[in-house]
Amino acid sequence: MGKVRTILLQKGVFDDNDLQARKLRDYLKSKGTFLINVMSSPGAGKTTTLVSLINRLKGFMNIAVMEADIDYDIDAVRVADKTGCPSIQLHTGGMCHLDAEMTKQGIDGLGSFPDLIFLENVGNLVCPAEFDTGAHLDAVILSVPEGDDKPLKYPLVFQKASIVIINKIDALDYFTFDAEKCKRNILENNPNARIFTVSAKTGEGMEELTNYIKKTIKEWH
Amino acid sequence: MHELGIVKHVVDQVEKAAEENKVNKVLKLTLEVGEVSSIVPDYFKDCFEWYKKKTKYMQDTLLDLVIIEGISYCTNCKTTYKTVEHAKICPSCGSKETYLVTGNQMTIKDMLVE
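This is a predicted model, so every value here is computed, not measured.

Chemist: Whenever I open this one, the sheet that holds strand 5 (residues 98–102) of chain B confuses me. Can you help?
Modeler: Sheet strands associate in pairs through backbone hydrogen bonding, adopting either a parallel or an antiparallel arrangement. Residue and element names in this part refer to chain B. Taken together, three strands build an open sheet; the order of strands is 4-3-5 and the sheet is antiparallel. Each having just a single partner strand, strand 4 (80–82) and strand 5 make up the two edges of the open sheet. Neighbouring strand axes in the sheet, compared pairwise and without regard to direction, differ in orientation by 40° on average.

Chemist: For this particular structure, what's the right way to read helix 7 (residues 179–189) of chain A?
Modeler: For an α-helix the count is 3.6 residues per turn, leaving residues at separations of three or four pointing the same way. Residues and elements named next belong to chain A. Among the residues of helix 7, those classed as buried are Cys 182, Asn 185, Ile 186 and Asn 189. All buried residues of helix 7 project into a common sector of 100° when viewed along the axis, lining one side. Contact partners of the buried residues in helix 7: strand 6 (137–143), helix 5 (150–153), helix 6 (155–160), strand 7 (163–167) and strand 8 (194–197). By the N-cap criterion, in which a side-chain oxygen at the helix start approaches the backbone nitrogen of a residue two or three places on, helix 7 is capped by Asp 178, the distance to Glu 180 being 3.1 Å.

Chemist: Looking at this model, I keep getting lost on the interface of chain B and chain A. Mind explaining?
Modeler: Interface size, as often reported, equals the accessible area lost upon joining of the parts. If you look at the interface, chain B gives 26 residues, while chain A gives 28 residues. Of the roughly 2,400 Å² buried at the junction of chain B and chain A (both faces included), carbon and sulfur atoms supply 59%. Inspection of the chain B/chain A interface yields one salt bridge. When the shortest N-O distance is used, the salt bridge between B:Lys96 and A:Glu188 registers 3.3 Å. Here chain B and chain A share 15 residue pairs in polar contact (both at pLDDT 80 or more) between them. Elements represented by at least two residues in the side of chain B that touches chain A include exactly helix 1 (3–20) and strand 6 (106–113) of chain B. In the side of chain B that touches chain A, the residues fall into twelve nonpolar, eight polar and six charged. Strand direction decides the pairing type here: strand 1 (residues 5–12) of chain A and strand 6 of chain B, joined by six bridges, are antiparallel. Counted as the bridge partner of A:Lys11 is B:Ile108 from strand 6 of chain B.

What counts, and at which threshold
What you see as residue numbers is a count from 1 along each chain, following the sequence as written. Written order determines the labels here, with chains lettered from A and ligands numbered from 1. Predicted model: local features are reported for residues with pLDDT of at least 70 only, side-chain atom pairs are reported and counted for 80 or more only, and whole-chain, interface and lining totals are derived from all residues. Just so you know, side-chain values use all the structure's heavy atoms and leave hydrogens and water out. For two strands to count as paired, DSSP must find a minimum of two bridges between them. Helix numbers and strand numbers start at the N terminus; a helix is a DSSP run of H or I with at least 4 residues, a strand a run of E with at least 2. Only C-alpha atoms enter the line fits that serve as axes; for helices the fit covers just the stretch in contact. Angles between N-to-C directions range over 0 to 180 degrees. Between buried and exposed lies partly exposed: a residue is buried under 20% and exposed over 50% of the maximum accessible area for its type, with that area taken using a 1.4 Å probe on protein chains only. Arc, as used here, means the arc of the directions from the helix axis to the C-beta atoms. Here, residues are in contact when the closest pair of their heavy atoms is within 4.5 Å. Contacts described as polar in this section are N or O atom pairs within 3.5 Å, which, within protein, must combine one atom able to donate a hydrogen with one able to accept it, while residues neighboring in sequence count only if both atoms come from side chains. Buried surface area refers to the total accessible area, computed with a probe of radius 1.4 Å, that the two partners give up upon joining, counted for both partners together. Each salt bridge in this description consists of a side-chain nitrogen of Lys or Arg and a carboxyl oxygen of Asp or Glu lying within 4 Å of one another. Side-chain classes follow a simple rule in which Ala, Val, Leu, Ile, Met, Phe, Trp, Tyr, Cys and Pro form the nonpolar group, Asp, Glu, Lys and Arg form the charged group, and the remainder, Gly included, forms the polar group.

Laid out in structure tokens, this is it:
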């Protein structure tokens, strides 16, 4: 038996991922590619919102999409069909989130550096918030049927996101959802969050969101 | 439910450190986990037991999870209180102007090796 000793590590669990994420962010910057990580619970309308957004943005820049799901390729096919933009499906193999390494693999798989890549994270409000993907902008989508108290129940994801999109506002009449209260709940967690209220289905509010993203990318360059 | 992803990150970092330090095996691993860090200790232990079988140095590693209490500070009345019991609202003065001082960390503290 060898000599027993203690090795002090004192490392944060996320240190390695955070380092890889920073490297990826810098690498993409050097290629002129802006990466947006989109998070939400399942069914909040991530894919529909992306399709609507991409169709408004694609006249101004080259866009690609990475769809992360536990299994199947329905989202990648749907986005490609409805936008004409290249899209690839990433399978997390049971994992509930993407980390920086998986994101890098996805970008390598795309094989090009468009002006903008949307990363549609796994539908989940817990785990994706913990892992920095290397994105330049983190967005979270919250939909009316989910309730205005969601930011209080899942605070971390709302703290990490710089923009919050309240989707499905065309359904406000059918749910007890107080939009002003929801905004207060978001700002309580994250006073710097930019909040957009939209309906990806009817297009309401999408113009403002589109303009914000265009402006953000322009300022980033 | 995200414990598996976190276990993977922990194990990968420990395996790398074991390799760098040229150890034979890791006997014990100590992690500090905050009470409000979103890790469920029992799930974490189950995931760890499953994942360690896939490693080179950690086949027999004992996991020691040290739970760090969540403590918040109230900027209004300048007192601290237990976060788990009172969340964001100060139990002394009722203020919401509070912040977490400690208890959300997940730190790989040290490893006993031979």
